Amino acid sequence: MKIIIAIFLLTIVFPFTVSAQSFSEEVLDRINQQVCNRFEEDLKKMAAIMEELREREGITETRVAFGGVDTPIKSADYQITYAAEAIAYQRAQKYSSASRLRSTLGVLKGKILQAKEKVSIAL
Amino acid sequence: MINKKFLVLIIILLVSVFLIAKYRGGGGGSGSMVGPELNQVTESPQPTPTPTPREFKFDSSTDLKQELDFINPQVLDSDFEGLE
């Protein structure tokens, strides 16, 4: 009889825990999108800087996305493209843990800072 | 005695199935046992609208190094305030 009561209590509590977890995942997704939007804006600014730099240098060739990074400008372009792809990938991820989300956003921030460093070298 | 226990078990299972179906199927309304915050979870999640990022355009007079210095990607503690 005690087991039956225990099972009953468990089935009452279980829907609440499921609902709470879903709510948390939605909030984490919102946070993820919010931070990605901010990072994307930073990246667009870097891309605009590179665009202006190429114009000043008189460079008209197509941007590099898959290698051939033998000049600082090409290297910076490649890093910006790489960071943009990383942001797109990050947007598509779903998280159930805030610490995990924070950790992956930290990694993404590192990629953007790397792109910034390459742009700085190109300038 | 055995039949009584079996009956109780069946009732418990039916109640639990009902509760699970209710909360997964978008529970709410006056008969709900939880607050409105949790009720919202059962609705279909809407896609997060992505605001169009600003477009940037610089000209020959722009100090590109200074513009680059303004770029400072951060993950802020205030971003995670919504979890509290």
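Now for a look at the structure at hand. (Residues numbered from 1 in each chain as written. Chains lettered and ligands numbered in written order. Predicted model: local features only at pLDDT ≥ 70, side-chain atom pairs only at ≥ 80, totals over all residues. Heavy atoms only, no water.)

Things to note about the overall build of chain A
Logical step 1: Along its length, chain A carries three helices and zero strands.
Logical step 2: For chain A, the sequential pattern of α-helices and β-strands runs α-α-α.
Logical step 3: Evaluated residue by residue, chain A yields a buried proportion of 39% over its 123 residues.
Logical step 4: In chain A, once contacts between residues fewer than 6 apart in sequence are set aside, the share between residues at least 24 apart is 71%.
Logical step 5: Summed over its atoms, the accessible surface of chain A is roughly 6700 Å², and 58% of this surface lies on carbon and sulfur atoms. (Helix = DSSP H or I, 4+ residues; strand = E, 2+ residues; numbered from the N terminus. Buried < 20%, exposed > 50% of the residue type's maximum accessible area, 1.4 Å probe, protein only. Contact = heavy atoms within 4.5 Å. Areas by Shrake-Rupley, 256 points an atom, 1.4 Å probe, with all protein chains shown as cover.)

As for the overall build of chain B
Logical step 1: Tallying secondary structure elements over chain B gives three helices and zero strands in all.
Logical step 2: What you see in chain B, going N to C, is helices and strands ordered as α-α-α.
Logical step 3: Burial statistics for chain B: of 84 residues in total, 26% are counted as buried.

Considering the packing of helix α2 (residues 72–92) of chain A against helix α3 (residues 98–122) of chain A
Residues and elements named next belong to chain A.
Logical step 1: Across the interface, α2 lies against α3 with an axial gap of 8 Å and an inter-helix angle of 160°. Looking at the two axes, α2 sits roughly antiparallel to α3. Here α2 runs over α3; the crossing is left-handed. Of the residues in α3, those in contact with P72, I73, S75, A76, Q79, I80, Y82, A83, A86, I87 and Q90 of α2 are L101, T104, L105, L108, K111, I112, Q114, A115, K118, V119, I121 and A122. (Axes fitted to C-alpha atoms, helices over the stretch in contact; angles between N-to-C directions. Parallel < 35°, antiparallel > 145°, perpendicular 65-115°, else oblique. Left-handed = near helix turned anticlockwise from the far one by under 90°.)

Section: α2(A)
Logical step 1: With 21 residues, α2(A) extends 31 Å from end C-alpha to end C-alpha; this agrees with the ideal 30 Å at 1.5 Å per step.
Logical step 2: When α2(A) is considered as a whole, its buried residues turn out to be I73(A), K74(A), S75(A), A76(A), D77(A), Q79(A), I80(A), A83(A), A86(A), I87(A), Q90(A) and R91(A). (Expected span 1.5 Å × (residues − 1).)

A short note on the nonpolar core
Logical step 1: Counting 33 residues, the largest nonpolar core has M46(A), M50(A) and V119(A) as the members making the most contacts within it.
Logical step 2: Looking at this core, the elements that each hand over two or more residues are α1 (2–57), α2 and α3 of chain A together with α3 (64–70) of chain B.
Logical step 3: In terms of residue count, the dominant contributor to this core is α1(A) (12 residues).
Logical step 4: The contacts of M46(A), once residues within four sequence positions are left out, are I80(A), I112(A), A115(A), K116(A), V119(A), L68(B) and I71(B). (Core = buried A, V, L, I, M, F, W, Y, C linked by side-chain atoms within 4.5 Å.)

A few points about the pattern of salt bridges
Side-chain pairs of opposite charge can arise whenever the charged atoms involved come near each other.
Logical step 1: In this structure the tally under the stated criterion is nine salt bridges over all chains.
Logical step 2: Taking the shortest distance from any N to any O, the salt bridge between R56(A) and E52(A) comes out at 2.9 Å. On the criterion of helical spacing, the pair formed by R56(A) and E52(A) is a turn pair, its members being four residues apart in helix α1.
Logical step 3: Judged by relative accessible area, which is 4%, E52(A) ranks as buried.
Logical step 4: For R102(A), the salt bridge identified is with D77(B), shortest N-O distance 3.0 Å. In this pair, R102(A) sits in helix α3 while D77(B) sits in the segment after α3, so the two residues belong to two different chains.
Logical step 5: You can call D77(B) exposed: its relative accessible area is 60%. (Salt bridge = Lys/Arg side-chain N within 4 Å of Asp/Glu carboxyl O.)

Looking at the packing of aromatic side chains
Centre-to-centre distance and the angle between the planes together describe a pair of aromatic rings.
Logical step 1: Using the criterion set out here, one finds zero aromatic pairs over all chains in the structure.
Logical step 2: Against the face of F80(B) rests R102(A), its NZ or CZ located 4.2 Å from the ring centre. (Phe/Tyr/Trp six-rings, centres within 6.5 Å; stacked < 30°, edge-to-face > 60°. Lys NZ or Arg CZ within 6 Å of the ring centre and 35° of its normal.)

Overview of a nonpolar patch on the surface
Logical step 1: On the surface, F6(B), L9(B), I10(B), L13(B) and L14(B) cluster together into a nonpolar patch covering about 470 Å² of accessible area.
Logical step 2: With respect to the element layout, L14(B) can be found in helix α1 (residues 2–24). (Patch = residues over 30% accessible without salt bridge, like charges linked within 9 Å, V, L, I, M, F, W, Y side chains within 5 Å.)

Quick look at the side chain of T62(B)
Logical step 1: One can find T62(B) in the loop between α2 (36–39) and α3.
Logical step 2: We classify T62(B) as buried; its relative accessible area is 15%.
Logical step 3: Within the structure, T62(B) has its side chain in polar contact with the side chain of D59(B) (distance 2.9 Å).
Logical step 4: Among all residues touching T62(B), those that are not within four sequence positions of it are R56(A) and E67(B). (Polar contact = N/O pair within 3.5 Å; in protein donor to acceptor, adjacent residues only side chain to side chain.)

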